[in-house]
Amino acid sequence: MYYNNKISYLEKLFGPDIKYQNDKIIINGESYEIKNDVIVFDNVSSKNSKKKIIESFQDEWFEFSMITKEHYDEFELYFDLVDVNKLNDKVVCDFGCGIGRWSKILIDKVNIKTLILFDYSDAIYLARENFKEYDNIVFIKCDIEKIPFKTKSIDFFYCLGVLHHLPTKNSIALDKIKSCAKEGIIYLYYSLNERSKL
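A brief structural summary.

Calculation criteria
- Residues numbered from 1 in each chain as written.
- Predicted model: local features only at pLDDT ≥ 70, side-chain atom pairs only at ≥ 80, totals over all residues.
- Heavy atoms only, no water.
- Helix = DSSP H or I, 4+ residues; strand = E, 2+ residues; numbered from the N terminus.
- Buried < 20%, exposed > 50% of the residue type's maximum accessible area, 1.4 Å probe, protein only.
- Contact = heavy atoms within 4.5 Å.
- Areas by Shrake-Rupley, 256 points an atom, 1.4 Å probe, with all protein chains shown as cover.
- Axes fitted to C-alpha atoms, helices over the stretch in contact; angles between N-to-C directions.
- Parallel < 35°, antiparallel > 145°, perpendicular 65-115°, else oblique.
- Nonpolar A, V, L, I, M, F, W, Y, C, P; charged D, E, K, R; others polar.
- Arc of directions from axis to C-beta.
- Phe/Tyr/Trp six-rings, centres within 6.5 Å; stacked < 30°, edge-to-face > 60°.
- Salt bridge = Lys/Arg side-chain N within 4 Å of Asp/Glu carboxyl O.
- Pairing = 2+ DSSP bridges.

1. Some thoughts on the overall build of the protein
Each helix and strand counted, the protein has six helices and nine strands in total. For the protein, buried positions account for 48% of its 198 residues. Sequence-distant contacts in the protein: of pairs separated by 6 or more residues, those separated by 24 or more amount to 67%. Entry remark: accessible area of the protein is about 10,600 Å², with carbon and sulfur atoms responsible for 49%.

Below, the structure is given as structure tokens:
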């Protein structure tokens, strides 16, 4: 039901071959479950090399699920290079959104046309709860190395503190992000004494 009035958003992201039913969506002939308004492209299987990392962050998000004053202060540091007013009426994606803290702060500052919250962990369901009063959001549960969006379908993205946790050094995630987004910001964190490993 949530996506009834969002088919045009979804067509811009995935293409025109979309059929929506109550608990699933069919995109380009493939059927995906919709659970609590989250489109589930990929569940984490027990054989997935990312499972331990995903569950670790998922547990952290469930323990620290509130958006705090400190997050507002950190937001200003992360987005100091971005004129957020230029994001008015744009399609914006938060890759690795967790509970959606940065997006919650951003959407309260500017009038985003469509906000895509994208995470591989079950924290995406906490994000759904944090955004229950908004109607311009698409919730995606998917592996960041399998981004399903059309080329240049996103005006702006951010991916803060995510990519350096991927288990493979030569991940295709960055290529996937570059393909679907026009511009954005990525923050990577690493220990300076281990910089030769990057």
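From this point, the discussion proceeds with the structure in view.
2. Examining helix 5 (residues 123-130)
With six of eight residues buried, helix 5 lies mostly within the body of the structure. Of all the positions in helix 5, only Ala 123, Ile 124, Tyr 125, Leu 126, Ala 127 and Arg 128 are classed as buried.

3. Some details on the packing of helix 3 (residues 69-78) against helix 4 (residues 101-109)
Two elements in contact, helix 3 and helix 4, have axes whose closest approach is 10 Å; the angle formed by their N-to-C orientations is 80 degrees. With respect to helix 4, the element helix 3 is oriented roughly perpendicular. Mapping the contact onto sequence places His 71, Tyr 72, Glu 74, Phe 75, Glu 76 and Tyr 78 in helix 3 and Arg 101, Trp 102, Ile 105, Leu 106, Asp 108 and Lys 109 in helix 4. Tallied by class, residues from the contact of helix 3 with helix 4 come to six nonpolar, one polar and five charged.

4. Re helix 3
Of all the residues in helix 3, the buried ones are His 71, Phe 75 and Tyr 78. When helix 3 is viewed along its axis, its buried side chains cluster within an angular range of 65 degrees and face the same direction. The exposed set on the far side of helix 3, more than 90 degrees from its buried face, consists of Lys 69 and Leu 77.

5. Some remarks on the packing of aromatic side chains
Taken as a whole and assessed by the stated rule, the structure comprises 15 aromatic pairs. Centre to centre, the rings of Phe 14 and Phe 41 are 5.5 Å apart; their planes meet at 35 degrees, and the pair counts as tilted. In this pair, Phe 14 sits in helix 1 (residues 7-14) while Phe 41 sits in the loop between strand 4 (38-40) and helix 2 (51-63), placing the two residues 27 residues apart along the sequence. In terms of burial, Phe 14 and Phe 41 fall into one category: buried. With a centroid separation of 4.3 Å and 40 degrees between ring planes, the pair formed by Tyr 32 and Phe 41 is classed as tilted.

6. Details of the pattern of salt bridges
Summed over the entire model, instances satisfying the criterion amount to eleven salt bridges. As a salt-bridge pair, Lys 104 and Asp 108 come within 3.3 Å of each other at their nearest N and O atoms. Taken as a pair, Lys 104 and Asp 108 lie in helix 4 at a separation of four residues, close to a single helical turn.

7. Thoughts on the pairing of strand 3 (residues 30-35)
Pairing of strand 2 (residues 24-27) with strand 3, which is carried by four bridges, proceeds in the antiparallel orientation. By the bridge assignment for strand 3, Lys 24 is matched with Glu 33. Hairpin connection from strand 2 to strand 3: two residues lie between these consecutive antiparallel strands, with Asn 28 at a positive phi of about 50 degrees. Relative to strand 4, strand 3 runs antiparallel, the two being bridged by three bridges. Paired with Ile 34 across the bridge in strand 4 is Ile 39. In sequence, strand 3 turns back onto strand 4 through a hairpin of two residues, with Asn 36 there showing a positive phi of about 50 degrees.

8. Comments concerning the environment of Ala 173
Mapping Ala 173 onto the fold places it in helix 6 (residues 173-180). With 26 residues separating them along the chain, Ala 173 and Ile 147 place their C-alpha atoms 7.8 Å apart.

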